[in-house]
Structure formats: structure tokens, C-alpha cells
Amino acid sequence: MAVDQPVTTPTGDQTRIHNIGYRSYDGPRLGRAYARRSLYSQSLRGAYGLGRSVKSKVLPMLLFVVMCVPAAIMVAVAIATKATELPVDYTRYAIIMQAVISLYVASQAPQSVSRDLRFKTVPLYFSRPIETADYVRAKYAALASALFVLTAAPLLVLYIGALLAKLDFADQSKGFAQGLVSVALLSLLFAGIGLVIASVTPRRGFGIAAVIAVLTISYGAVSTLQAIAEAQNSTGAIAWIGLFSPVTLIDGVQSAFLGAQSAYPGAMGPSTGEGVVFLAVTLGLIAGGYGLLIRRYRKVGL
């Protein structure tokens, strides 16, 4: 016969209220400007692999060294031979090194935006006090700044070397200033093109290939057409053909307004009147790139 077990009731009140300390934030609200500056700083550092793995630093730092080494060699030669001028003008250096610049844009533009698209972190940015325009401005400014550092550093090496070689201070300062204006315009243009292309695909490899194709194939095609035009004595078409490549576009602007020697066949750079069109197209591409990025990230952030 089963015996019912007595039911024991717990003695005392077993209720516990745990105070885990949740409370509202009452500190300073730093707002959009702080978030935008933080995103800019983080993106700029990332463009050179700072704050990331050693592997991420190798390519951008290597390209930076490759950009500066030829300038250092030119300076050494100028000092050793007591030359009266530098082997290369300040405005010509970036045009000569355009392959390195294109490779840098191709590697860093996808790194800046494609990862956010691939891992779907863009909506997380917009959940904070930051808007589409803030994100685009920070990313655009960061890549343009990184490009300016890449292209201006060798010009600084040339300038310091020219002063050490005791070349004319006024002439060197003027050339250095013209070179800085040129590479600033180049940085804005290349950054816009690179980011627009990279923002289309979340796959970094596709972005790298697309940026290289646009920058290098367009330059090769334009250079070939200009050579054909010169061979056929169509010298009037040489300058206008230069509108269809970012590199030759910058070359045309600086030869028209900055006193640079054109790299076009036969040095047939645009005249001042034609240069106005070149400058308008350059500024239009920069503004258009920014507008396309705004439109792209309005859709991504939904």
C-alpha cells in the first residue's frame, strides 16, 4: 500500500529582486559630427592598414615606398651631379607613376566600402546618429586623403632634395605648389571613380578587377588613339581624345592651367580654352561620383 509523501513547503520568503544596474545614459551626446570624424579617421587609417593585421599593411606600404623611391633617386642624382634642375617636373611625377596610383586605388577602394556591403554592416552605421551623406563624405574624404598622401609625399621628397641641391627657391616653390594642386585634383577624381565602382559589388576581388580595368584600359585606349591621330596628322583631335581617360584628363588640366609639360604625343596638350572644358569635365566627374554614391547608399541603407 502506497504511502503519501508529505509535501514540504519552503520556509521563509524565497523571492529575490536583483538590481543589475540598468540606467539611462546621461553623458554628453557627441552627435553626427563626431561619428563622421571617427568614420573618416578609421577609414583613412585602414587605407594604409593601420590598426589592422600585418598582412593588410603590406600592399599599401609597399606602394607608398615604390612611389617615393624614384623621387629619392632623382634627388640623389641631382645633388651628386650638381644639376641645375630636377630630372622630372613636379606636375609630371604623378603622370609617370600613374600605374602605381591606379593599383593603390584598385586595392583600397574595395577595402573601404565592399566589406561593409558584403557583411551588411551599412544599416548598422545608419542606426547611429549618422546619415547617408555623412557616410559617403567620410569614405570619400578618407580615400582622397590617402591618395593625396601617396602622391604628395614624393613631391615633398623632390622639393626638399631640390633645396638641398641649392636650386632656385622661388622656382622650386612654385613648381611644388603646382604639383600639389595637380595631385589634389587627381586624388579627388580617382577616389570618386574607385569608390563608385567598388560600391557596386560586395566582392572585393571583382571591385579590384573593375577599378584596374577602368583606369588602365581607358588610359591605354586613349594613348593609342592619340598616337594614331598624331600619325595621321590629326593634331586637333589629340587634346579632345584626352577627355576619355582619368589620367589624360588630369594631364590636360595641368598643362592648360598649371604650366605643365603635356605627356600627349607631340606635347599637343589642350589650349586654355580647351582646358576650361577639361576642368569642367573633371569637376563634373567628381560631383557625379559623389552623387552616385549618395544614390547608391540611400538604397543600401534601407
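What comes next is a walk through the structure.

## Considering the pattern of salt bridges
Part 1: Under the definition given, this model contains 4 salt bridges.
Part 2: For the salt bridge of Asp 134 with Arg 32, the shortest nitrogen-to-oxygen distance reads 2.7 Å. Linking Asp 134 in helix α6 (residues 132–164) with Arg 32 in helix α1 (residues 31–46), this pair joins segments that are 102 residues apart in sequence.
Part 3: Note that Asp 116 and Lys 139 form a salt bridge whose closest N and O atoms lie 3.7 Å from each other. Of this pair, Asp 116 sits in helix α4 (residues 98–118) while Lys 139 sits in helix α6, and the two are 23 residues apart along the sequence. A single burial state applies to Asp 116 and to Lys 139, both of which are buried.
Part 4: In this structure, a network of salt bridges that share partners links the residues Arg 32, Arg 36, Glu 131 and Asp 134.

## Let's talk about the packing of aromatic side chains
Part 1: Per the counting criterion, the structure on display carries 5 aromatic pairs.
Part 2: Ring centres of Tyr 48 and Tyr 104 lie 5.6 Å apart, and the angle between their planes is 40 degrees; this geometry places the pair in the tilted category. With a gap of 56 residues between them, Tyr 48 in the loop between α1 and α2 (54–81) and Tyr 104 in helix α4 connect regions that are remote in the sequence.
Part 3: Within the aromatic cluster, the residues linked to one another by ring pairs are Tyr 48, Phe 64 and Tyr 104.

## Considering unusual backbone geometry
Part 1: For Lys 82, which is not glycine, the phi dihedral falls at a positive 55 degrees.
Part 2: Examined against the element boundaries, Lys 82 turns out to sit in the loop between α2 and α3 (90–96).
Part 3: Positive phi is not limited to glycine here, since Ala 267 has a value of about 55 degrees.
Part 4: Topologically, Ala 267 is positioned in the loop between α10 (246–257) and α11 (272–300).

## Looking at the environment of Arg 29
Part 1: Within the fold, Arg 29 resides in the segment before α1.
Part 2: Considered as a pair, Arg 29 and Ala 209 are 180 residues apart in the sequence and their alpha carbons are 42 Å apart.

## What about a positive patch on the surface?
Part 1: On the surface, a cluster of positive charge is made up of Lys 55, Arg 115, Arg 118, Arg 203 and Arg 204.
Part 2: Along the chain, the position of Arg 118 falls in helix α4.
Part 3: Judged by its relative accessible area of 48%, Arg 118 is partly exposed.

## Digging into the side chain of Glu 274
Part 1: Structurally, Glu 274 can be placed in helix α11.
Part 2: Nearest to the buried, unbridged Glu 274 among oppositely charged side chains is Arg 92, at 17 Å.
Part 3: Engagement of the side chain of Glu 274 in a polar contact is seen with the backbone nitrogen of Ser 271, the distance being 2.9 Å.

What counts, and where the lines are drawn
- Residues numbered from 1 in each chain as written.
- Predicted model: local features only at pLDDT ≥ 70, side-chain atom pairs only at ≥ 80, totals over all residues.
- Heavy atoms only, no water.
- Salt bridge = Lys/Arg side-chain N within 4 Å of Asp/Glu carboxyl O.
- Helix = DSSP H or I, 4+ residues; strand = E, 2+ residues; numbered from the N terminus.
- Buried < 20%, exposed > 50% of the residue type's maximum accessible area, 1.4 Å probe, protein only.
- Phe/Tyr/Trp six-rings, centres within 6.5 Å; stacked < 30°, edge-to-face > 60°.
- Patch = residues over 30% accessible without salt bridge, like charges linked within 9 Å, V, L, I, M, F, W, Y side chains within 5 Å.
- Areas by Shrake-Rupley, 256 points an atom, 1.4 Å probe, with all protein chains shown as cover.
- Lys, Arg positive; Asp, Glu negative; His and termini not counted.
- Charge placed at Lys NZ, Arg CZ, Asp CG, Glu CD.
- Polar contact = N/O pair within 3.5 Å; in protein donor to acceptor, adjacent residues only side chain to side chain.

Keep in mind that these numbers describe shape and distance, not what the molecule does.
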